[in-house]
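Residue strings, one per chain:
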Amino acid sequence: MKIICIGRNYADHAKELNNPLPVEPVFFFKPDSALLINDQPFYYPDFSTDLHYEVEIVLRIGKVGKNISPAFAGRYYDKIGIGIDFTARDLQRKCMAEGLPWEMAKGFDNSAAISKFIPKENFNDMKKINFRLDINDKTVQQGNTRDMVFSFEEIISYVSRFITFKTGDMIYTGTPAGVSPVKIGDNLKAYLGNELMMDFLIK
Ligand code: MG
């Protein structure tokens, strides 16, 4: 399986990092070795001193697809979860300044924390899903899918022009404003609606 992440998909987040709003979806990959599951702790890596959380809604791809039209793209994901796209912001800034790829800042081990998945039928309206991240029981990020620059369908359609989707692939769909560093000892709790989906520690 592969993990595809969308960048700058919430205007307020693009603005906080002084990035322009994209006219087409921006995407990058994390390897499967990046997954952090079952509320296991995230161990602070030795190569960064500015490790940021980014809470994101994650789609689980339910069937193989290529060149998918937006009208049919909704059929290609079957479940929704929530994840943290951990980012070594110091390394990412360095890569960007030098015009280099971001993988070392985004694809390292355990950088893709992921919750359980919920069938999409459990959601009434994909354009009104609330989600949030609490750190030490204080809300630090709050999003709603109505504020996405590109919808789930637009993302799937666009990426599938370049990359074949396979069952089990995941798409991290972008983060709202409020990204900041984590520190050792922090407790992260991510919610879809009011449902607690993830609860783990930074060690
Ligand atoms: Mg992200």
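Quick caveat: nothing in here was measured; it's all calculated off a predicted structure. (Residues numbered from 1 in each chain as written. Predicted model: local features only at pLDDT ≥ 70, side-chain atom pairs only at ≥ 80, totals over all residues. Heavy atoms only, no water.)

A look at the overall build of the chain
Regarding its fold elements, the chain presents five helices and 14 strands. Taking 17 Å as the expected radius of gyration for a compact globule of 203 residues, we find that the chain reaches 16 Å, a close match to that expectation. Across its three principal directions, the C-alpha atoms of the chain cover 45 × 40 × 30 Å. In the chain, which comprises 203 residues, the proportion classed as buried is 54%. Intrachain contacts of the chain at a sequence separation of at least 6 include 76% that bridge at least 24 residues. Split by element, the accessible area of the chain, about 9,400 Å² in all, is 51% carbon and sulfur. In the chain, 25 positive and 26 negative side-chain charges are present, and the distance between their average locations comes to 4 Å. (Helix = DSSP H or I, 4+ residues; strand = E, 2+ residues; numbered from the N terminus. Rg over C-alpha atoms; globule rule 2.2 N^0.38 Å. Buried < 20%, exposed > 50% of the residue type's maximum accessible area, 1.4 Å probe, protein only. Contact = heavy atoms within 4.5 Å. Areas by Shrake-Rupley, 256 points an atom, 1.4 Å probe, with all protein chains shown as cover. Lys, Arg positive; Asp, Glu negative; His and termini not counted. Charge placed at Lys NZ, Arg CZ, Asp CG, Glu CD.)

Things to note about the coordination of the magnesium ion
The protein atoms that coordinate the magnesium ion are Glu 54 (OE), Glu 56 (OE) and Asp 85 (OD), at distances spanning 1.9 to 2.1 Å. Judged by its relative accessible area of 1%, Asp 85 is buried. (Donors = N, O, S within 2.8 Å, 3.2 Å for Na, K, Ca; no water.)

Regarding the pairing of strand E6 (residues 77-85)
Regular strands show a simple pattern: their side chains alternate between the two faces of the sheet. In terms of burial, E6 is largely enclosed, as seven of its nine residues are buried. Note: E6 against strand E9 (residues 118-119), two bridges, orientation antiparallel. Residue pairing across strands places Lys 79 opposite Pro 119, the latter belonging to E9. (Pairing = 2+ DSSP bridges.)

Digging into the sheet that holds strand E14 (residues 195-201)
Spatially, four strands are ordered E11-E10-E13-E14 in an open sheet, and the strand pairing comes out antiparallel. Of all strands in the sheet, those with a lone pairing partner are strand E11 (138-144) and E14, marking the two edges. On average, each strand axis in the sheet is inclined to that of its neighbour by 15°, with strand direction left out of account. Sheet topology places strand E13 (residues 187-192) next to E14; six bridges connect them, and they run antiparallel. Bridged to Leu 192 within E14 is Glu 195. (Axes fitted to C-alpha atoms, helices over the stretch in contact; angles between N-to-C directions.)

A few points about the pattern of salt bridges
Within this structure, the stated rule accounts for twelve salt bridges. Across the salt bridge formed by Glu 54 and Arg 89, the nearest N and O atoms sit 2.8 Å from each other. Within this pair, whereas Glu 54 is found in the loop between strand E4 (51-52) and strand E5 (55-61), its partner Arg 89 is found in helix H3 (residues 89-97), the two being separated by 35 residues in sequence. Judged on exposure class, the residue Glu 54 and its partner Arg 89 are both buried. Lys 189 is the salt-bridge partner of Asp 137, the closest N and O atoms lying 2.9 Å from each other. Highlighted residues: Asp 137 in the loop between strand E10 (130-135) and E11 and Lys 189 in strand E13, separated in sequence by 52 residues. (Salt bridge = Lys/Arg side-chain N within 4 Å of Asp/Glu carboxyl O.)

In short, shape yes, function no, at least from these values alone.
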